[in-house]
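# Structure assessment
Chain by chain, the residues:
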Amino acid sequence: MSNIKRVFLIVLDSCGIGDAPDARDFGDEGANTVKSISESKQFNIKNLLSMGFSHIDGLSYLGDGALKCKVARLCEKSKGKDTTIGHWEIAGVVSEKPLPTFPEGFPESILKELSEKTGRGVICNKAYSGTEVIKDYGEEHLKTGDLIAYTSADSVFQLAAHESIVPPGKLYEYCRIAREILVGDFGIGRVIARPFEGEYPFKRTPNRHDFSLEPPKETILDALSDKGFDVIGVGKINDIFAGKGITEYVYTKNNADGMNKAAEYQSRDFNGLCFVNLVDFDMSFGHRRDVDGYANALTEFDEWLGGFVDNMREGDALIITADHGCDPSFKGTDHTRECVPLVMYGESLEPENLGTIEGYDYISEVIKEFLIKE
C-alpha cells in the first residue's frame, strides 16, 4: 500500500445494507435500503457485483460474484443516523451524543431573532417534507416575502424561498445568520438553504446549500491538509465539514454532475484525497420513497463506475461507502439506522472479505495508512 498517492472516497448517500445492531433503538428494525431497491426491475449493479459487493456480510442474496476488492460491512458507532454525523465518523470523529432535533418546531425566541436580523417574517416552523412544504406555504411566501422555516427528523433547520423573491445568494446570507444563532443547546447539524422556483405547486432548484457545524475534533481531512496533501471536496463535502481541512472544493447539481466532477479530478494530477458525496440517492429517492428511482440511480452509478475503474492509475485507491440508510420502502420518510457497505479497490490492494467492522472511522484509519504512512 506504500505506493498509493491518490484516494477517491465516494459516499453513496444513504445506501444502507440492513439493520445496524442497535436499529431497534432508533425504531428502524427491518430497514434495508439495498434489499428494497434490489427488488426493482431498474436494479442492475453488474460492476459492483463483479468487484465483490455480494461478498459483504448480509448481501449474499444478490448472487455470486468475483472478489476483486477488499470489502466489509461497517456498523456506526456514533449516536445518530444523519449525514453530518455519518460523514464525521467516516473522517474519524465519533459522536457520543446525537445532534439535537426539533420535531415540534424551534422555539419562538430563535425565530424572532432570525426575523429581526433578516428583516423578514418566518412561517411554518414544523417538521415537513421539503416538496410538500413549498406546496402548502409557497403562495403565502410569495404574498408576504416571509421565509419558510421547517425541519425533519434529522438535525436540520431549513429555509425555503422562491428565487424571484429571495435570490439564492441572499438566502445563503440568511442561512449564515441562522447558523450563527443555532449554537449551544440549539446547535443542529445543518442549516440548509432550499430555493424553489416556478408556479404552484413549485419546484426546488439545484441551488441547495448546507451550512454545518464544525466538527468538534480534528478529522483525517485536517491531518492530510496539515501535511501538505490535497483534500478535494466534491458535492456537499465542504459544507458538511464547514470547510475544515478542505483545500479545494466544487459543488454539484445532482449525481450525474458529481460523477462527472469526480472523473474530471481523476484526469488531473493531485496528491491526496478526493472526497465525493452523491446526494440524489437520499434527497431525490430515499426521502421521497421512490424505490425504482433509487434503483435506477444505483444502476447509473454502477455503469459509470466501470469506466472510472478502467481509468484508475497506478497509485490510485478507490473507496466506496455510505453514511446511513434511507430505505424507500420503509415506514415514514426519514433516514434509517443501517450498516453500510465498504468496497476498496486498487492495484496494490489484495482482495479480502474483512467481515463486519465496528465504526465508519475504520475508513479514516485506512486513508491514514494509505497516504500518511506513519
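Structure first, text after, so check above.
So, here is what we can say about the structure in this document.

Thresholds, definitions, all that
Residues numbered from 1 in each chain as written. Predicted model: local features only at pLDDT ≥ 70, side-chain atom pairs only at ≥ 80, totals over all residues. Heavy atoms only, no water. Helix = DSSP H or I, 4+ residues; strand = E, 2+ residues; numbered from the N terminus. Core = buried A, V, L, I, M, F, W, Y, C linked by side-chain atoms within 4.5 Å. Buried < 20%, exposed > 50% of the residue type's maximum accessible area, 1.4 Å probe, protein only. Contact = heavy atoms within 4.5 Å. Pairing = 2+ DSSP bridges. Axes fitted to C-alpha atoms, helices over the stretch in contact; angles between N-to-C directions. Parallel < 35°, antiparallel > 145°, perpendicular 65-115°, else oblique. Left-handed = near helix turned anticlockwise from the far one by under 90°. Nonpolar A, V, L, I, M, F, W, Y, C, P; charged D, E, K, R; others polar. Arc of directions from axis to C-beta. 1 Å grid on protein atoms, 1.4 Å probe; cavity = no way out; pocket = protein on both sides within 12 Å on 5 of 7 lines; lining within 4 Å. Points joined across faces, edges and corners; volume = space filled by probe spheres on them.

## Things to note about unusual backbone geometry
- Cis geometry marks the peptide bond from Tyr200 to Pro201, where omega comes out at 10°.
- Structurally, Pro201 is set in the loop between β6 (190-197) and β7 (203-204).
- Of note, Cys124 is a non-glycine position whose phi angle comes to about 85°, a positive value.
- Tracing the backbone through its elements, the reader meets Cys124 in strand β3 (residues 122-127).
- Positive phi outside glycine occurs at Phe202, with the angle close to 70°.
- Mapped onto the elements, Phe202 comes out in the loop between β6 and β7.

## Remarks on the nonpolar core
- Grouped together as the largest cluster of nonpolar side chains are 82 residues, with contacts concentrated most on Phe53, Phe301, Ile319 and Ile367.
- If you tally residues by element for this core, the top one is helix α11 (residues 291-310), at nine residues.
- Setting aside its immediate chain neighbours within four residues, Ile319 contacts Val7, Phe8, Leu9, Ile10, Leu342, Val343, Met344, Ile363, Val366, Ile367 and Phe370.
- Core analysis: the second largest hydrophobic core is formed by 23 residues, Ile110, Leu147, Leu159 and Ile177 among them.

## A few points about the pairing of strand β5 (residues 156-162)
- Among the seven residues that make up β5, seven are buried, leaving the element largely enclosed by the rest of the structure.
- Because side chains alternate across β5, one face comprises the buried residues Val156, Gln158, Ala160 and His162, and the other comprises Phe157, Leu159 and Ala161, equally buried.
- Across three bridges, strand β4 (residues 147-151) lies against β5 in antiparallel orientation. Paired with Ile148 across the strands is Ala160, a residue of β5.
- Linking β4 to β5, which pair antiparallel, is a turn of four residues.

## Some details on the packing of helix α4 (residues 108-118) against helix α6 (residues 168-181)
- Between α4 and α6, the shortest axis-to-axis distance is 10 Å and the interhelical angle comes to 140°. Overall, the two elements α4 and α6 adopt an arrangement that is oblique. Considering the relative orientation of α4 and α6, their crossing is right-handed. Here α4 contributes Ile110, Glu113, Leu114, Lys117 and Thr118 to the contact with α6, which in turn contributes Tyr174, Ile177, Ala178 and Ile181.
- Broken down by class, the residue content of the contact of α4 with α6 amounts to six nonpolar, one polar and two charged.

## Quick notes on α4
- Buried residues of α4: Ile110, Leu111, Leu114 and Thr118, and no others. Taken end-on, α4 shows its buried residues confined to a sector of 95°, consistent with a single buried face. In this structure, α4 carries Glu108, Lys112 and Glu116 as exposed residues pointing more than 90 degrees from its buried face.
- Contact partners of the buried residues in α4: β3, β4, β5 and α6.
- Following α4 by one or two positions, Gly119 adopts a phi angle in the positive range, close to 80°.

## Re the environment of Glu350
- On the secondary structure map, Glu350 appears in the loop between β13 (340-345) and β14 (352-358).
- Glu350 sits 283 residues away from Leu67 along the chain, and the two C-alpha atoms are 9.8 Å apart.

## Considerations on the layout of surface pockets
- Looking at the largest pocket, its volume works out to about 690 Å³.
- In terms of lining residues, the largest pocket is bounded by 31 residues, among which Thr205, Pro206, Arg208, Lys253 and Met283 are the most central.
- Among the residues making up the lining of the largest pocket, the classes are represented as nine nonpolar, nine polar and 13 charged.
- Along the walls of the second largest pocket sit 26 residues, with Tyr128, Ser129, Gly130, Ser152 and His287 positioned nearest its centre.
- Of all the secondary structure elements, the ones that give two or more residues to the lining of the second largest pocket are α5 (130-144), β4, β5, β6 and α10 (280-286).

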